[in-house]
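Structural description and commentary
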Amino acid sequence: MDQDELHMNVRDDNVSEETKKLISSLQTDKDSKGKICKYQGCWYYYNTLQGVINFQKHFQPEDTDIVLASFPKSGTTWLKALSIALLERSKHDDPLTHPFLSDNPHGIVPFFEIDMYLKSSTPDLTKFSTSSPRLFSTHMPLHTVKEGLKGSPCKIVYLCRNAKDSLISRWYFRGKYQNKEVTRSILESMFESFCSGACFYGPIWDHALSYWRGSLENPNHVLFMRYEELKTEPCPQLKRLAEFLGCPFTKEEEDGGLVDKILDLCSLGNLSGLEVNKTGKNWMNMDYSNFFRKGEVGDWKNYLTPEMEKKLDMIIEDKLKGSGLRF
Ligand code: PAP
């Protein structure tokens, strides 16, 4: 398997006969990396779908579990870092032993369908999540995640990001792990799939809407956060996250500057400068450094033409009409 196939989980050698049968009844398509199919309204590579199904069938939730959800390239690494730092803050007074020194947030908080259930329907969960409460993550939409959570009241945090910034981040990421130059023609083809919705984990509007509606229906169960708000008002947003996770800051902590300390610890500058993130790799042999780039709001303006901007904006506006959501 070449690096590219490995990283995108494009090969379907872990797909069971049962899943192949299911796929034959689904809408299918192809992107530049391989075959994709639409399951419960979301597009997956075939073997990622196997991970999704394994998760839905076999995951055994605990009421205290926490699930961090996002569309790819929406700041998942950041959300994972902030959540770990919040939940584990009393355990790591000594900065020299902080878990961020030995692993990337992605190594600490596993993805259900990508890390845990991709190759096995019965992974050893104690190997994957060592934190208490258990922290997991996913790129699946809410209704698909809920099936695996089987009615558990566990908390779900969704991080939403501007679609155009997610797209540009995805384009760069693809270039990095393929070790190829990022070209306009690749961006243009990714843009078209993104607009049609037929891209890995797309359509982005349905993805965000699933969590938006879930957060309106049950705000104690689903927290809807935004990358842009985390950038512009980090302190109140971190406090909001802490409250939702059931670990609000005490007055002493706030007076002692802990909110800012956690924000500094989890900043792109700090994390990307740590040795483990400069030289480390994940289990798929992907450089952790690939998860850090600019971390800016509105970087898409440097790459998308006004026509592209207008087209994607119009599609998203139309798809979100009447929902109360804008992004
Ligand atoms: P994933 O979906 O593959 O897990 P994810 O972490 O969501 O990746 O996305 C990476 C983006 O988050 C990058 O955005 P950019 O390409 O627009 O720069 C990355 O720079 C950004 N990012 C990673 N860590 C942080 C952080 N600590 N603070 C802010 N942004 C971050």
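Since the structure is predicted, the reported quantities are computational estimates derived from the model, not experimental observations.

1. A short note on the site of the ligand
The environment of the ligand is made up of 22 residues, and the closest members are Lys-73, Thr-76, Thr-77, Ser-169 and Gly-295. Here an oxygen atom of the ligand and a side-chain polar atom of Thr-76 are 2.6 Å apart. Here an oxygen atom of the ligand sits 2.9 Å away from a polar atom, N or O, in the side chain of Arg-161. Protein chains bury 96% of the 640 Å² of accessible surface belonging to the ligand in isolation. Broken down by secondary-structure element, the contributors of at least two residues to the shell around the ligand are α4 (76-87) and α16 (268-273). It is α4 that provides the largest number of residues to the shell around the ligand, a total of three residues. Tallied by class, the residues present in the shell around the ligand amount to nine nonpolar, nine polar and four charged.

2. Section: the environment of Leu-230
Inspection of the secondary structure puts Leu-230 in helix α12 (residues 227-232). Taking relative accessible area as the criterion, Leu-230 reaches 2% and is therefore assigned buried. Considering only alpha carbons, one finds Leu-230 and Gly-75, 155 residues apart in sequence, at a separation of 9.9 Å. Not counting chain neighbours up to four residues away, the residues in contact with Leu-230 comprise Trp-78, Leu-82, Leu-159, Met-225 and Gln-237.

3. Description of the pairing of strand β4 (residues 66-70)
With five of five residues buried, β4 is to be regarded as a mostly interior element. Every second residue of β4 is oriented toward a common face, with Ile-66, Leu-68 and Ser-70 on one face and Val-67 and Ala-69 on the other, all of them buried. Of the pairings in the sheet, the one linking β4 to strand β5 (residues 135-138) comprises four bridges and is parallel in character. What sits directly across from Leu-68, in β5, is Ser-137.

4. Structural notes on the pairing of strand β1 (residues 27-31)
In terms of strand pairing, β1 meets strand β2 (residues 34-39) through five bridges, oriented antiparallel. Its bridge partner being in β2, Asp-31 is matched across the sheet by Gly-34. Connecting β1 to the next strand, β2, in antiparallel fashion are two residues.

Cut-offs and rules
- Residues numbered from 1 in each chain as written.
- Predicted model: local features only at pLDDT ≥ 70, side-chain atom pairs only at ≥ 80, totals over all residues.
- Heavy atoms only, no water.
- Near = heavy atom within 4 Å.
- Polar contact = N/O pair within 3.5 Å; in protein donor to acceptor, adjacent residues only side chain to side chain.
- Areas by Shrake-Rupley, 256 points an atom, 1.4 Å probe, with all protein chains shown as cover.
- Helix = DSSP H or I, 4+ residues; strand = E, 2+ residues; numbered from the N terminus.
- Nonpolar A, V, L, I, M, F, W, Y, C, P; charged D, E, K, R; others polar.
- Buried < 20%, exposed > 50% of the residue type's maximum accessible area, 1.4 Å probe, protein only.
- Contact = heavy atoms within 4.5 Å.
- Pairing = 2+ DSSP bridges.

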